[in-house]
Amino acid sequence: MLQKLVRALKLPENQQIKSLDDSENIYILRKIIQRKVFLRNIYLSFYRKFLNILSTTKVEGEVIELGSGAGFIKRKIPYVITSDVIAYEGVDKVFSALDIPLADSSASAFLMIDVLHHIKDSRLFFQEMQRCLKVGGKVVMIEPANTIWARFIYTRFHHEPFDVNGGWGFEEGGPLSGANMAIPYIVFQRDVKQFTYEYPNLKIISISFHTPFRYLISGGLSFRQLLPSFTYPLVAFFEFILTPLNRFLGMFMTIELEKTS
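Residues numbered from 1 in each chain as written. Predicted model: local features only at pLDDT ≥ 70, side-chain atom pairs only at ≥ 80, totals over all residues. Heavy atoms only, no water.

**Student:** Explain the sheet that holds strand β2 (residues 81–84) here, please?
**Tutor:** The strand order across the open sheet formed by 7 strands is β3-β2-β1-β4-β5-β7-β6, and the pairing between neighbours is mixed. Two strands in the sheet have a free side with no partner beyond their single neighbour: β3 (93–94) and β6 (202–210). Both β2 and β3 contribute to a ladder of 2 bridges, which runs parallel. Looking at the pairing, serine 83 lines up with lysine 93 of β3. This element, helix α3 (residues 37–54), spans β1 (62–66), β4 (107–113), β5 (133–144), β6 and β7 (252–259) of the sheet and lies at about 160 degrees to β4. Here helix α6 (residues 183–190) sits on the sheet in contact with β5, β6 and β7, set at roughly 55 degrees to β7. (Pairing = 2+ DSSP bridges. Helix = DSSP H or I, 4+ residues; strand = E, 2+ residues; numbered from the N terminus. Contact = heavy atoms within 4.5 Å. Axes fitted to C-alpha atoms, helices over the stretch in contact; angles between N-to-C directions.)

**Student:** What should I look at first to understand the layout of surface pockets in this one?
**Tutor:** A probe matching the size of a water molecule, rolled over the atoms, marks out where space remains unfilled. Its volume calculated, the second largest pocket comes out at about 200 Å³. As for the second largest pocket, its lining consists of 15 residues, and the residues nearest its centre are Arg30, Gly69, Gly71, Phe72 and Gly90. When its residues are assigned to classes, the lining of the second largest pocket shows 4 nonpolar, 6 polar and 5 charged. (1 Å grid on protein atoms, 1.4 Å probe; cavity = no way out; pocket = protein on both sides within 12 Å on 5 of 7 lines; lining within 4 Å. Points joined across faces, edges and corners; volume = space filled by probe spheres on them. Nonpolar A, V, L, I, M, F, W, Y, C, P; charged D, E, K, R; others polar.)

**Student:** Whenever I open this one, the pairing of β4 confuses me. Can you help?
**Tutor:** The two faces of the sheet receive side chains in turn, since in a regular strand these alternate between them. Burial runs high along β4: 7 of the 7 residues are buried. Strand direction decides the pairing type here: β1 and β4, joined by 5 bridges, are parallel. In the strand pairing of β4, leucine 66 is matched with methionine 112. By the bridge criterion, 6 bridges tie β4 to β5 in an arrangement that is parallel. Within β5, the residue paired with isoleucine 113 across the bridge is isoleucine 142. The handedness of the β4 to β5 crossover, carried by helix α4 (residues 122–132), is right-handed. (Buried < 20%, exposed > 50% of the residue type's maximum accessible area, 1.4 Å probe, protein only. Right-handed = clockwise from strand over helix to strand, strands pointing away.)

**Student:** Is there a simple way to think about unusual backbone geometry in this case?
**Tutor:** Note: most residues except glycine have negative phi, and most peptide bonds are trans. Even without glycine at this site, serine 105 takes up a positive phi of about 50 degrees. For serine 105, the position within the fold is in the loop between β3 and β4.

In structure tokens, the structure reads:
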């Protein structure tokens, strides 16, 4: 019964996607984000989180979004340099987050939405963050959380692996099909002492949990939106009331790092 319901809620556009790593898929995903009011507003709320943190970053230098493919960050933060590992139309630079073509101590911030858990070698990635950032520069990541509610949803209704017992990377899969949604939890909660030891120049400024229901109701990039678009403000207000419970309910977490020396 549940499987039939899941199939019925699948977006028809997803039938056009044969391989997750096909570069043409990005144009389908962009259309989905712009068409679905809940999902588009969630992205806007994430961009506002970026803006709030950037307002506290005093250093001058490039602000770069990693994994920009499907997003529309320039509408909210026009000075951001967009980048991706695949050459999509509208993306400013193409490079791997494990080999960033920037001079040492040249960037003021890196911004990421659902990117870290697709990076195959977290250790090499954070080495690149330490190298590229200026002192005082920030890394801001919005990633899947490992709360009671999020874990229940991700392990039952999401196609990507959620392995809390995994390591800091993985070998299988391409740039989009390869993933472990639990990597942010593994690095910044389970192994946080190890992260602090290995990357003493990257200070964890804050980790906040949020967005317990809006993304689920939006249907994400795979499923139909579950509520009418006009209910978005009501759901957002309901989430605000539940803010004290986000440590148990939040499906996402925002991780803010700062290079200290």
